[in-house]
Amino acid sequence: MSTKQKLPTIRQFLDRFPDDDSCLDHLMETRYGKRHTCAKCSKEANFHRVKARRCYECDFCGYQVYPTAGTPFENTRTSLRDWFHVMFMFCASRNGVSAKEVQRTIGVTYKTAWRMCNLIRQYMGYVDGDTPLGGTGSGVVEADKAFFGGHDKRGHDDKVVVLGITERGGETVTKVIPSRKSKDVMPEIFKWVRPGARIATDEARVFMELAENGYMHGTVNHSAGEYVNGNVHTNTIEAFWSHVKRSLCGTYVNVSPKWLQTYLWEFEFRQNLRKQPHLMLELLLQAFPRPAGRG
């Protein structure tokens, strides 16, 4: 019997956050706690809710704390419950959530829906973060370039070039890069793959420098119909690219090069938490940094 925990259902989510007040209380408790030292009077104080405002006030000096400050919800007139609902939608979907779907679901304008989706994708990138992959004694790392948009076939003109790096059984890192040339590809690999790692790529010349820089480099010759050579293959990262491209085409239809990285962060977030789906929403709901010098 599988013990894998699942994402909460929509009913469980709505029971937990039935209104704006419950969402604001959650933000306050998560970021500051039920009691904390007041930034103004330096006393350990309870903070009570200020009526009709998204803030809490120190019981001693009246200093006000705004739990939404420094979050995607700062300065928004949209209901906090709607924001939380959209984050739930992003976690529940495998193929992404379009602004049109958000517009239909919560009844906001398309402009508002697009802004919400964009900020949530950026926040997913912040929460997921990136750490170096591989290293001596670690699993095999795969690296591969992908091309998005445009009309040419190999990234010569208007296609956006993206480098994807994944550790088998581990995490994935994606980076939009200026070109497919060595001067743009290799620094990213050096940054995100630890020295001494076993790394698998295709036969592209840009990767030939890896062995000279301390990596255990193996290749497969795709042009000759070779896709697996012992333990050397790029099937993991290529499967990720395949899913991303199908989802972008099916859900978003067209993605601007300017915002492509934010969409990649969204898919990267879900990919890296694929074995722990129950943590996706929890991390988004609890990872807000406490503003420096505030409360």
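Conventions we followed
Each chain carries its own residue numbering, running from 1 in the written order of its sequence. Under the rules for a predicted model, residues below a pLDDT of 70 receive no local features and side-chain atom pairs below 80 are neither given nor counted, while totals for whole chains, interfaces and linings still include all residues. Values reported for side chains reflect all heavy atoms of the structure, with hydrogen atoms and water molecules removed beforehand. Note on terminology: a nonpolar core comprises buried Ala, Val, Leu, Ile, Met, Phe, Trp, Tyr and Cys residues joined through side-chain atoms within 4.5 Å. Any residue under 20% of the maximum accessible area for its type is buried, any over 50% is exposed, and the rest in between are partly exposed; the area is computed with a 1.4 Å probe on protein chains only. Runs of H or I in DSSP of at least four residues are treated as helices and runs of E of at least two as strands, each being numbered from the N terminus. By definition, residues are in contact when any of their heavy atoms lie within 4.5 Å. One less than the number of residues in a helix, times 1.5 Å, gives the span that helix is expected to have. Only a pair of cysteine sulfur atoms within 2.5 Å counts as a disulfide in this structure description. Strands pair, by our definition, only if DSSP identifies at least two bridges between them. With axes taken as lines fitted to C-alpha atoms, and helix axes fitted only over the stretch in contact, angles between N-to-C directions fall between 0 and 180 degrees.

A. Highlighting the nonpolar core. In terms of nonpolar packing, the biggest core is built from 58 residues, with F84, M87, F148 and L248 touching the most fellow members. For this core, the element with the most residues is helix 3 (residues 80–92), which contributes nine residues. Residues contacting F84, with those up to four places away along its chain left out, are F13, F17, C23, H26, L27, F73 and L285. Within the second largest apolar cluster, 21 residues are counted, among which are V173, I177, V185 and Y215.

B. Quick look at helix 8 (residues 260–272). Its 13 residues give helix 8 an end-to-end C-alpha distance of 18 Å, which sits within 8% of 18 Å, the value for a rise of 1.5 Å per residue. Counting buried residues along helix 8, twelve of its 13 residues qualify, which places the element largely inside the surrounding structure. Listing the buried residues of helix 8 in full gives L260, Q261, T262, Y263, L264, E266, F267, E268, F269, R270, Q271 and N272.

C. Inspection of the state of the cysteines at higher detail. One pass over the full model with this rule turns up zero disulfides. C61 provides the cysteine sulfur closest to C38, a residue in no disulfide bond, and the two sulfurs are 3.6 Å apart. Judged by its relative accessible area of 2%, C38 falls in the buried class. Residue C249 stays outside any disulfide, its sulfur separated by 18 Å from that of C117, the closest cysteine. Exposure remark for C249: the relative accessible area of 55% places this residue in the exposed category.

D. Highlighting the environment of T105. Tracing the chain through its elements places T105 in helix 4 (residues 99–106). Take T105: its relative accessible area is 40%, and that puts it in the partly exposed class. Distance from T105 to D184, taken between C-alpha atoms, is 41 Å for residues 79 residues apart in sequence. T105 has contacts with H85 and M89, leaving out every residue within four places of it along the chain.

E. View of the sheet that holds strand 5 (residues 141–148). Pairing within the open sheet is mixed, and its five strands lie in the order 7-6-5-8-9. Because the sheet does not close on itself, it has two edges, and the strands there are strand 7 (172–177) and strand 9 (216–220). Strand-to-strand, the axes of this sheet are offset by a mean angle of 25°, without reference to chain direction. Of the strand pairs in this sheet, strand 6 (residues 160–167) and strand 7 are connected by six bridges, and their pairing is antiparallel. By the bridge assignment, V161 is partnered in strand 7 with I177.

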